[in-house]
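These are the residues of each chain, in order.
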Amino acid sequence: MVDSAEKEMDNPTFRSDTVLSDVHLHCPSKRHLMVRLNAVGQPVFLSYFKLLWSTEDLASGKHVREITTGREHQCRSGDELCDKDRNNVKKERELICEGVEALLDDDGDLEVVRRPRSASDLQAENLLRDIVCPVILMKGKEDAFEDEEQECTCSDVVKIEHTMATPLEDVGKQVWRAAFLLADYILFKRDTFRCCSVLELGGGTGITSIIMGTVAKRVYCTDVGEDLLAMCEQNVALNKCLMESGGGEIKVKELDWLKDEFCTDSEAPYSWSEEEVADLLDHCSVIMAADVFYDDDLTDALFRTLYRITHNFRNSCTVYLALEKRLNFTLRHMDVTCEAYSHFRNTLNDLENLQDGKMKYTVEPIKLDFCQFLVYERIEQL
């Protein structure tokens, strides 16, 4: 056991700038296993995010049923289970419609008939209790994951190392909902991205690049910070089997939005070679970014980077931006506002209205009615 980590988990302390991950919303019935402390002493967890359709099915082009959150139609991948759900709903309706007399006691008072609790309900409650007790493991103790690995195959799960809470400057080490939304869109429109060369800005843990790597030819997953990029590289290695069927390649690279040039210093970790820069500028046709619009200065820097890079591209490209509109109550406005989103929209409008005689940008919203392939809550603020 790791004593320092154990103390940290038993008595968590949060500073005023601590940001908490919403990763627990993606798989509430799973425990998140803490595997180590990173270079700056933050607990690192390993989570399994199950794909609702395997990569073999995706490659064969089989249809995936759209997922709804209604109780009558649970998230299932087989017709047999859906038929079972429908039968359960039918039985519930028959119980309700047995007649008013069955709901009255001897005195004529209303007697509520409660639906018997199923074993799955009780199991779900037990699993929910487990999530408040993270399992702390020794580094390198691989056999601790054997039970989890037996439940899922290599082709239907994404394994991601991440943190649960960080200061604002380290939020890239956490997993956010917009990354899942963008991953869903990639899987839904996989033919659009097949064999493309792709650049991700602010890749963080790398989960969106990993999903893109199942269909694209080459993905440059970029961010800043050696510790974060090492975590991203580890996640790419953990999910290598996912990308083998599609033959995709992911390269983890540093790209600082506050600098005007690519880092090509061969001595620096995660630097670019001249050949890689040339490959990006000559062949990249897709740029993507998920949940990177939370700070106005960084938003401005991102759009400057977008303009600088696309200005040097040989071909036109499509940029996919996904974000969650986060509402906050501010004392300055004495109201619920979303200043980061407002600044993003204003900057996006400026880019679309840009007239420099060289570049033209067109902005189009994407409807969120496409199928869901990963387990998370697709809220209306996405």
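Everything that follows concerns the structure shown earlier in this document.
The model shown is predicted, which means the values in this text are computed figures rather than measured ones. (Residues numbered from 1 in each chain as written. Predicted model: local features only at pLDDT ≥ 70, side-chain atom pairs only at ≥ 80, totals over all residues. Heavy atoms only, no water.)

1. Details of the nonpolar core
Thinking step 1. Judged by nonpolar contacts, the single largest core of 47 residues is most densely connected at Phe49, Val158, Ile186, Phe193, Val198 and Met212.
Thinking step 2. Per element, the largest residue contribution to this core is nine residues, and it comes from helix 6 (residues 177-188).
Thinking step 3. Once residues within four sequence positions are removed from consideration, valine 158 is found in contact with Ser47, Tyr48, Phe49, Leu51, Ile207, Ile210, Ile211, Asn239 and Leu242.
Thinking step 4. Counting 27 residues, the second largest nonpolar core, distinct from the first, contains Trp257, Ala289, Phe344 and Leu351. (Core = buried A, V, L, I, M, F, W, Y, C linked by side-chain atoms within 4.5 Å. Buried < 20%, exposed > 50% of the residue type's maximum accessible area, 1.4 Å probe, protein only. Helix = DSSP H or I, 4+ residues; strand = E, 2+ residues; numbered from the N terminus. Contact = heavy atoms within 4.5 Å.)

2. A word on the packing of aromatic side chains
Thinking step 1. Under the counting rule described, the total for this entry stands at 13 aromatic pairs.
Thinking step 2. Between tyrosine 220 and tryptophan 272, the aromatic rings sit 5.1 Å apart at their centres with planes inclined by 25°, giving stacked as the arrangement. One end of the pair, tyrosine 220, is in strand 8 (residues 218-223); the other, tryptophan 272, is in the loop between strand 9 (249-254) and helix 11 (274-283), with 52 residues separating them in the sequence. Tryptophan 272 matches tyrosine 220 in its accessibility class, with the two residues each being buried.
Thinking step 3. Plain terms: the ring middles of phenylalanine 293 and phenylalanine 344 are 4.4 Å apart, the flat faces sit at 45° to each other, and that makes the pair tilted. (Phe/Tyr/Trp six-rings, centres within 6.5 Å; stacked < 30°, edge-to-face > 60°.)

3. A short note on the sheet that holds strand 10 (residues 284-290)
Thinking step 1. Spatial ordering of the open sheet is given by 9-8-7-10-11, a layout of five strands whose pairing is parallel. With partners counted over all chains shown, the strands left at the sheet margins are strand 9 and strand 11 (318-322), one partner each. Neighbour to neighbour, the strand axes of the sheet diverge by 20° on average, direction disregarded.
Thinking step 2. Examined bridge by bridge, strand 8 and strand 9 share six bridges and lie parallel to one another. Following the sheet pairing, valine 219 is matched in strand 9 by isoleucine 250.
Thinking step 3. Packing against the sheet, helix 9 (residues 226-238) makes contact with strand 8 and strand 9, and its axis sits at approximately 175° to strand 9.
Thinking step 4. Strand contacts of helix 11: strand 7 (197-200), strand 8, strand 9 and strand 10, with the helix running at about 100° to strand 10, the strand carrying the most contacts. (Pairing = 2+ DSSP bridges. Axes fitted to C-alpha atoms, helices over the stretch in contact; angles between N-to-C directions.)

4. As for the environment of glycine 246
Thinking step 1. Relative to the elements of secondary structure, glycine 246 occurs in the loop between helix 10 (240-244) and strand 9.
Thinking step 2. For glycine 246, a relative accessible area of 42% translates into the label partly exposed.
Thinking step 3. Once the C-alpha coordinates of glycine 246 and glycine 213 are considered, the two residues, 33 residues apart in sequence, prove to be 7.7 Å apart.

5. Topic: the pattern of salt bridges
Thinking step 1. Applying the stated criterion across every chain, the model contains 15 salt bridges.
Thinking step 2. Residues glutamate 324 and arginine 177 are paired through a salt bridge, measuring 3.1 Å at the closest nitrogen-oxygen approach. With glutamate 324 in the loop between strand 11 and strand 12 (328-330) and arginine 177 in helix 6, the pair connects residues that are 147 residues apart, well separated along the chain. In this pair, the class of glutamate 324 matches that of arginine 177, namely buried.
Thinking step 3. Put simply, aspartate 282 and arginine 314 hold a salt bridge, and the shortest N to O gap is 3.8 Å. In this pair, aspartate 282 sits in helix 11 while arginine 314 sits in the loop between helix 12 (296-311) and strand 11, placing the two residues 32 residues apart along the sequence.
Thinking step 4. Owing to a relative accessible area of 27%, aspartate 282 belongs among the partly exposed residues under this scheme. (Salt bridge = Lys/Arg side-chain N within 4 Å of Asp/Glu carboxyl O.)

6. Structural notes on unusual backbone geometry
Thinking step 1. Here cysteine 195, not a glycine, exhibits a phi torsion of approximately 65°, which is positive.
Thinking step 2. Tracing the chain through its elements places cysteine 195 in the loop between helix 7 (190-193) and strand 7.

7. Focus: the pairing of strand 2 (residues 33-37)
Thinking step 1. The pairing of strand 2 with strand 3 (residues 43-50) spans four bridges and is classified as antiparallel. Residue pairing in the sheet places arginine 36 in a bridge with valine 44 of strand 3.
Thinking step 2. Linking strand 2 back to strand 3 in an antiparallel pair, the connection comprises five residues, with glycine 41 at a positive phi of about 85°.

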